[in-house]
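Observations on chain architecture
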Amino acid sequence: MWKQQLQKLDIEGSHVFLNQLDYARMYRKAVKGNENTSIAMPRYVIIDKTGTITDTDAPRPSDKDKLISKLNKYLTDTIN
């Protein structure tokens, strides 16, 4: 269903679906939390080409205009 929605909404880019344990690890790292940090789902993050999480609260894919604007900002920031 997840892959169908990506196709249906014409959302490009790399998309990763994590299992619960990997998601918890990534989330806690993103918010600089620890094992006691509550996990919020779903959570959308933006990860740069080096694997660094650059945005821990990215817009939802359904908010395409806002997401594209945010991604363009990161692209501009990395070029300058």
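Each chain carries its own residue numbering, running from 1 in the direction its sequence is written. In view of the model being predicted, local features appear only for residues whose pLDDT reaches at least 70, and side-chain atom pairs are presented and counted only at 80 or more, with totals across whole chains, interfaces and linings using the full set of residues. Side-chain metrics rest on all non-hydrogen atoms present in the structure, leaving aside hydrogens and water.

Glancing now at the overall build of the protein. On a plain count of helices and strands, the protein comes out with 3 helices and 2 strands. For helices the rule is a DSSP run of H or I covering at least 4 residues; for strands it is a run of E covering at least 2, with both sets numbered from the N terminus onward. Counting from the amino terminus, the protein carries its helices and strands in the arrangement α-α-β-β-α. Its C-alpha atoms give the protein principal-axis dimensions of about 35 × 35 × 20 Å. Sorting the 80 residues of the protein into buried and exposed places 15% on the buried side. The contact criterion used throughout is that any non-hydrogen atoms of two residues lie within 4.5 Å. Here the contacts in the protein between residues at least 6 apart in sequence split such that 15% fall between residues at least 24 apart. Here the open area of atoms and residues is found with the Shrake-Rupley method and a 1.4 Å probe, where only the protein chains shown may cover a residue. For the protein, the accessible surface area stands at approximately 6700 Å², while carbon and sulfur atoms represent 52% of it. His residues and chain termini do not enter the charge count, which takes Lys and Arg as positive and Asp and Glu as negative. To locate a charge, the coordinates of NZ of Lys, CZ of Arg, CG of Asp or CD of Glu are taken. Counting 13 positive and 10 negative side-chain charges, the protein places the averaged centre of each group 3 Å from the other. Any residue under 20% of the maximum accessible area for its type is buried, any over 50% is exposed, and the rest in between are partly exposed; the area is computed with a 1.4 Å probe on protein chains only.

This part takes up the pattern of salt bridges. Salt bridge, as applied in this entry: a Lys or Arg side-chain nitrogen positioned within 4 Å of an Asp or Glu carboxyl oxygen. Tallied over the full model, the rule gives 2 salt bridges. With a shortest N-O distance of 3.5 Å, Arg 25 and Asp 22 are connected by a salt bridge. With Arg 25 and Asp 22 both in helix α2 (residues 20-30), this residue pair falls 3 residues apart, about one helical turn. Of the charged contacts in the structure, one is a salt bridge between Lys 70 and Asp 55, with a shortest N-O distance of 3.0 Å. Here Lys 70, found in helix α3 (residues 64-79), pairs with Asp 55, found in strand β2 (residues 53-55); they are 15 residues apart in sequence, far enough to count as distant. A residue is classified by how much of its surface remains accessible, and Lys 70, at 28% relative accessible area, is partly exposed. Classification of Asp 55 by relative accessible area gives buried; the value is 8%.

Moving on, we come to the side chain of Asp 55. Nitrogen and oxygen atoms within 3.5 Å of one another constitute a polar contact, given that in protein one can donate a hydrogen and the other can accept it, and given that sequence-neighbouring residues count only through two side-chain atoms. A polar side-chain atom of Asp 55 sits 2.8 Å from the main-chain amide nitrogen of Asp 57. A distance of 3.0 Å separates the side chain of Asp 55 from the side chain of Lys 70, its partner in a polar contact. Contact partners of Asp 55, with chain neighbours within four places excluded, come to Tyr 44, Val 45, Ile 46, Lys 70 and Tyr 74.

This next bit is on α2. Turning to α2, its buried residues are Tyr 23, Ala 24, Met 26, Tyr 27 and Ala 30. Of the surrounding secondary structure, the elements contacted by the buried residues of α2 are β2. Between the side-chain oxygen of the N-cap and the backbone nitrogen of Leu 21 there are 3.1 Å, and the N-cap of α2 in question is Asn 19. Lys 32 sits one or two residues past α2 and shows a positive phi near 55°.

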